[in-house]
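# Chain and residue survey
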Amino acid sequence: MMDGAARAGLHTPDPATDPAQAEAALDRFVEVAEMYTLLVRETGEPAGFVGFVPRTMDWGEELELGWMLLPDQRSRAYATEAAQALRARKAGRVISLIREDNPASQRVAQRLGAERERIFTYWGYATGLWVTHTA
């Protein structure tokens, strides 16, 4: 939460400025979300996180599947592997809100079988609404 490069693709990209602020942000996630730490199998070091966040959108309630990786852990398929494992746990419609200037996350969504339903402005950013459906 304090790494600006890690947060760069988020809708709230400004990093926390101190550990207490970062901890408070994580506590908010814990209250409302189902988030998991991604660990590198070989070393046990944290790579980032992935999970589900309930979202109230203009058109109704949605469940978002999101991910964030530390910059040095990207391009190793960690986000795809973790998101696929979690996606399999939820039936029905799941969305991912991905900024249009974040092609790496768009590729993860495509590998999950998601399709971009539309582009709209979210938190001031052009954002793709990526959707997957399962039985």
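The preceding data block contains the structure.
What comes next is a walk through the structure. Everything numeric here is computed off the predicted structure, so don't read it as measured data. (Residues numbered from 1 in each chain as written. Predicted model: local features only at pLDDT ≥ 70, side-chain atom pairs only at ≥ 80, totals over all residues. Heavy atoms only, no water.)

What follows concerns the overall build of the chain. A tally of helices and strands in the chain yields four helices and six strands. Along its sequence from the N terminus, the chain presents helices and strands in the succession α-α-β-β-β-α-β-α-β-β. Across the chain, the fraction of contacts at a sequence separation of at least 24, relative to all contacts at a separation of at least 6, is 53%. By element, 53% of the accessible surface of the chain is carried by carbon and sulfur atoms, the whole surface being about 7700 Å². (Helix = DSSP H or I, 4+ residues; strand = E, 2+ residues; numbered from the N terminus. Contact = heavy atoms within 4.5 Å. Areas by Shrake-Rupley, 256 points an atom, 1.4 Å probe, with all protein chains shown as cover.)

Residue position: Arg99 is located in strand β4 (residues 92-99). Looking at Arg99, the relative accessible area reads 7%, which means it is buried. A distance of 2.8 Å separates the side chain of Arg99 from the side chain of Asp101, its partner in a polar contact. (Buried < 20%, exposed > 50% of the residue type's maximum accessible area, 1.4 Å probe, protein only. Polar contact = N/O pair within 3.5 Å; in protein donor to acceptor, adjacent residues only side chain to side chain.)

Within the structure shown, the criterion is met by two aromatic pairs. Centre to centre, the rings of Trp59 and Phe120 are 5.5 Å apart; their planes meet at 85 degrees, and the pair counts as edge-to-face. Of the two residues, Trp59 sits in the loop between β2 (46-57) and β3 (60-69) while Phe120 sits in strand β5 (residues 115-122), which places them 61 residues apart along the sequence. One aromatic cluster is present, built from ring pairs that chain together Trp59, Phe120 and Tyr122. For Lys90, the ring lying beneath its charged end belongs to Phe52, and the centroid distance is 5.1 Å. (Phe/Tyr/Trp six-rings, centres within 6.5 Å; stacked < 30°, edge-to-face > 60°. Lys NZ or Arg CZ within 6 Å of the ring centre and 35° of its normal.)

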